[in-house]
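Spelled out from the first residue to the last, the chains are:
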Amino acid sequence: MTGDAMTRDTNTTPSRLRLAVVDMVGTTITDDGRTERAMSRALAEHGIEPGSIRFESMLGYARDTMGYSKMTVFSHLFDDASVAESANKVFERVYDELIDDGGVRAIPGAEDAIVWMRESGMQVCLATGFGRHTQNMVLESLGWMGLADLSLCPADAGRGRPYPDMVLTAVLALDLDDVREVAVVGDTSSDMLSGVRSGASLVAGVLTGSHSEATLRAAGATAVVDSIKQLPLLLEKREARHL
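Residues numbered from 1 in each chain as written. Predicted model: local features only at pLDDT ≥ 70, side-chain atom pairs only at ≥ 80, totals over all residues. Heavy atoms only, no water.

**Comments concerning the environment of tyrosine 163**
So, point 1. As for its placement among the helices and strands, tyrosine 163 is situated in the loop between helix H8 (154-157) and helix H9 (165-173).
So, point 2. For tyrosine 163, a relative accessible area of 38% puts it in the partly exposed group.
So, point 3. Each C-alpha atom of the pair tyrosine 163 and glycine 195 lies 8.6 Å from the other, and the pair is 32 residues apart in sequence.
So, point 4. Apart from the residues lying within four places of it in its own chain, the contact partners of tyrosine 163 are Ser194 and Arg197. (Helix = DSSP H or I, 4+ residues; strand = E, 2+ residues; numbered from the N terminus. Buried < 20%, exposed > 50% of the residue type's maximum accessible area, 1.4 Å probe, protein only. Contact = heavy atoms within 4.5 Å.)

**Thoughts on helix H5 (residues 81-99)**
So, point 1. Between its first and last C-alpha atoms H5 spans 27 Å; for 19 residues at 1.5 Å apiece the expected length is 27 Å, and the two agree.
So, point 2. What H5 keeps buried is the set Ala84, Ala87, Asn88, Val90, Phe91, Glu92, Val94, Tyr95, Asp96, Leu98 and Ile99.
So, point 3. Tucked into the core, H5 has its buried residues touching helix H2 (34-44), helix H4 (70-77) and helix H7 (132-142). (Expected span 1.5 Å × (residues − 1).)

**Points about the sheet that holds strand E8 (residues 223-225)**
So, point 1. Here we have 6 strands laid out as an open sheet, ordered E5-E4-E1-E6-E7-E8, and parallel in their pairing. A strand with exactly one partner marks an edge of an open sheet, and here the two such strands are strand E5 (150-152) and E8. When strand polarity is set aside, the average angle formed by the axes of neighbouring strands in this sheet is 20 degrees. (Pairing = 2+ DSSP bridges. Axes fitted to C-alpha atoms, helices over the stretch in contact; angles between N-to-C directions.)

**Things to note about the confidence of the model for the chain**
So, point 1. Of the residues in the chain, 93% reach a pLDDT of 70 or more, and the chain-wide mean stands at 90.
So, point 2. At the level of individual helices and strands, the chain shows its lowest average pLDDT in helix H1 (residues 3-11), which scores 43, and its highest in strand E4 (residues 123-127), which scores 98.
So, point 3. A low-confidence stretch, residues 1-10 stays under pLDDT 50, and its non-local contacts, those more than four residues away or across chains, total 3 contacts. (pLDDT = per-residue confidence, 0-100.)

Written out as structure tokens, the structure reads:
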């Protein structure tokens, strides 16, 4: 292969996306604020007075870093590693209790979009900032075990978002040849950053969750849609442009 041919090959974006790494809360599911309620309980049970300046500041940080590994968030909020681990356990326990009341629901069109992607030949990975147990509880509550090809949490990959580890772990686990064949989809700036840092060629933000279009684009979103319901059309348009 000549140098020019190698350059052309390196710079060509694959026409076909083969994998979508898709966020859960805020992107494919809604929990009606249960994440924040569980976070608030975890803070309160570790001596942070609800309504205090410190409490509101810590809760504000949790909102800003929605999509991060929850353990990473608690490690930032508490200097003592044992306290951070204890707070994370409380968060998971409380969130499990809140799941039992049926408040975790699929965002309209999410399941159809996942099925559409798989039927069109793409693989799908559902990714989260929750721990494995909580992720499984959510998937089971929705009847989504087996809906996607793969599900990943930060512990499966080493680091959670905004690092690219979960995206790259999905690429390895599902035997892709090229990370540019990946679409990353999410509702937070951390989702967008993980997509950009991984080298995914489509980094799509949705507006059903935590962050605004301006925030998503500032973090590197290459496209923003109202909800995951519009994702199949976005993918079809992209593929048509690359034919």
